[in-house]
Amino acid sequence: IWDEVSKVLKDPSMVLKALEMQRTDYKPAVIEADIVLTQSNIENANQEQSQYLRQYGRGKIDEATLDTEIDRVTRYKTKQEAKLRELEERLHALEELDTRYQKVSQALDAITDRLDNADYELKLLALDALDIRTILQPDGTLNLHGAIPLEVELSNAKSSHCNNGGTRKIPFTLVAVGGGNK
């Protein structure tokens, strides 16, 4: 396993390029503009509810109309609040991705020159920086999950794939059967 991870780490441009592509997929200015617009929609909905209450208080609309309109505006406002939470989460995810990019970049710079003689602690640092996790299944199958942005092949790999699926990471999965892998 380490041999395959080491190959990628020796050419950090692949990892950084993939992370950079993911960073540029999100446009913070667009997300921030959507947040402002959604906040405005929520404020407008609040004002609309207040207007219906004032009209009801002045006797201009009946209670049934008030209930219908307040329910409609409340449903709209609830959808806008959910949208606002989603946009804020996306913006936060983008900020985390920037932090992750910096962390990976620093880690790669620090270890690239020392990969051939990497000790256990350095290997752990590299695996952690790229969010690589291994799971040994009861049947002896080894699953690797992480953030290396390319297909990784072991000599006895059963399957491997790389997918971008719009997640905050650039995941890969590797399934290897049997022993003999590092």
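Residues numbered from 1 in each chain as written. Predicted model: local features only at pLDDT ≥ 70, side-chain atom pairs only at ≥ 80, totals over all residues. Heavy atoms only, no water.

Draft legend 1. Molecular detail of the overall build of the protein. Scanning the protein from terminus to terminus reveals five helices and four strands. In the protein, which comprises 182 residues, the share counted as buried stands at 36%. Across the protein, contacts joining residues at least 24 apart in sequence account for 62% of those joining residues at least 6 apart. (Helix = DSSP H or I, 4+ residues; strand = E, 2+ residues; numbered from the N terminus. Buried < 20%, exposed > 50% of the residue type's maximum accessible area, 1.4 Å probe, protein only. Contact = heavy atoms within 4.5 Å.)

Draft legend 2. Spatial organisation of a negative patch on the surface. On the surface, a cluster of negative charge is made up of Asp62, Glu63, Asp67 and Asp71. Within the secondary structure layout, glutamate 63 lies in helix α4 (residues 63-111). Looking at glutamate 63, the relative accessible area reads 46%, which means it is partly exposed. (Patch = residues over 30% accessible without salt bridge, like charges linked within 9 Å, V, L, I, M, F, W, Y side chains within 5 Å. Areas by Shrake-Rupley, 256 points an atom, 1.4 Å probe, with all protein chains shown as cover. Salt bridge = Lys/Arg side-chain N within 4 Å of Asp/Glu carboxyl O. Lys, Arg positive; Asp, Glu negative; His and termini not counted. Charge placed at Lys NZ, Arg CZ, Asp CG, Glu CD.)

Draft legend 3. Seen up close, the confidence of the model for the protein. Residues of the protein with pLDDT of at least 70 account for 68%, and the chain-wide mean is 74. By mean pLDDT, strand β3 (residues 157-162) is the weakest element of the protein at 33, and helix α3 (residues 28-57) is the strongest at 95. For residues 176-182, every residue scores under 50 in pLDDT, and the model assigns this stretch 21 contacts once sequence neighbours within four places are set aside. (pLDDT = per-residue confidence, 0-100.)

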